[in-house]
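If you want the building blocks of each chain, they are given just below.
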Amino acid sequence: MEILQTVSDNGKAAVLGCDAPIEGENANELKRTADELVSKGVTTMVLDLTRVGHVASNGLSILGSLNKKMKSVQGQMILAGMNREILSVFGLLGFSRDCVCAPSLDIAYGMAAKFSGGAMTQAGSESASAVKSDPAPAETPQRNAEKESAAQIPGEPAVQEG
């Protein structure tokens with residue numbers, strides 16, 4: 001598994017992008033990488049799950065412990081771009097009540113910038129511009145409802161994607 005990292009200009013926010021199921025050694029690698037970033041002062045962590053098809057039980061456990069760690073440093077974990085299967089499992093287990101979920105990476109970048117006060121830049125980029133995700137699928141009533149329920153910051157109204 002490759003874990004892609006992007007860190008904000010102020011070092012307070014990071015995006016971790018995974019390209020394989022979060023299970024077994026992959027989950028442990030994700031935890032090690034996230035722990036290292038938190039030890040360097042990151043307080044807002046975006047997990048880009050757009051290319052993750054499955055999260056196993058040990059992956060769920062690691063995500064839960066990472067969320068607790070972020071809260072212990074008065075930080076925030078944002079889960080971005082979950083597929084329907086993962087979103088459903090997270091909802092059943094109550095993760096969606098405890099974690100901030102964003103329907104797209106673009107929205108997650110905006111949330112991370114808001115929480116951390118720093119601009120998110122693409123790795124190796126000279127400017128402070130958000131990384132663009134793939135174009136969104138066609139709008140449907142179901143997709144609109146998913147966006148409204150998925151992009152939720154605890155204690156704030158739902159985020160609308162425009």
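Calculation criteria
- Residues numbered from 1 in each chain as written.
- Predicted model: local features only at pLDDT ≥ 70, side-chain atom pairs only at ≥ 80, totals over all residues.
- Heavy atoms only, no water.
- 1 Å grid on protein atoms, 1.4 Å probe; cavity = no way out; pocket = protein on both sides within 12 Å on 5 of 7 lines; lining within 4 Å.
- Points joined across faces, edges and corners; volume = space filled by probe spheres on them.
- Nonpolar A, V, L, I, M, F, W, Y, C, P; charged D, E, K, R; others polar.
- Pairing = 2+ DSSP bridges.
- Helix = DSSP H or I, 4+ residues; strand = E, 2+ residues; numbered from the N terminus.
- Axes fitted to C-alpha atoms, helices over the stretch in contact; angles between N-to-C directions.
- Contact = heavy atoms within 4.5 Å.
- Parallel < 35°, antiparallel > 145°, perpendicular 65-115°, else oblique.

A. Just empty space enclosed by the protein, in detail. Considering all chains together, one arrives at 1 cavity of 30 Å³ or more under this definition. Contributing to the lining of the largest cavity are H54, V55, L60, E85, I86, V89 and F90. Looking at the lining of the largest cavity, its residues break down into 5 nonpolar, 1 polar and 1 charged.

B. Geometry of the sheet that holds strand β4 (residues 76–80). Spatially, β1-β2-β3-β4-β5 is the arrangement adopted by the 5 strands of the open sheet, whose pairing is mixed. Edge positions in the open sheet fall to β1 (3–7) and β5 (100–102), since each of these has one partner strand only. Each strand axis lies, on average, 20° off the axis of its neighbour in the sheet, ignoring direction. Where strand β3 (residues 44–48) lies against β4, 5 bridges are found, and the strand directions are parallel. Bridged to V46 within β4 is I78.

C. Just the side chain of N67, in detail. Looking at the secondary structure, you find N67 in helix α2 (residues 57–72). Filtering out sequence-adjacent residues up to four positions away, N67 remains in contact with M77, D98 and C99.

D. Summary view of the packing of helix α1 (residues 24–39) against α2. It is at 9 Å that the axes of α1 and α2 come closest, and there the two elements cross at 10°. Considering their axes alone, α1 and α2 lie roughly parallel with respect to each other. Across from G24, A27, N28, L30, K31, A34, D35 and V38 in α1, the residues of α2 making contact are N58, G59, I62, L63, S65, L66, K69 and M70. Among the residues making up the contact of α1 with α2, the classes are represented as 8 nonpolar, 5 polar and 3 charged.

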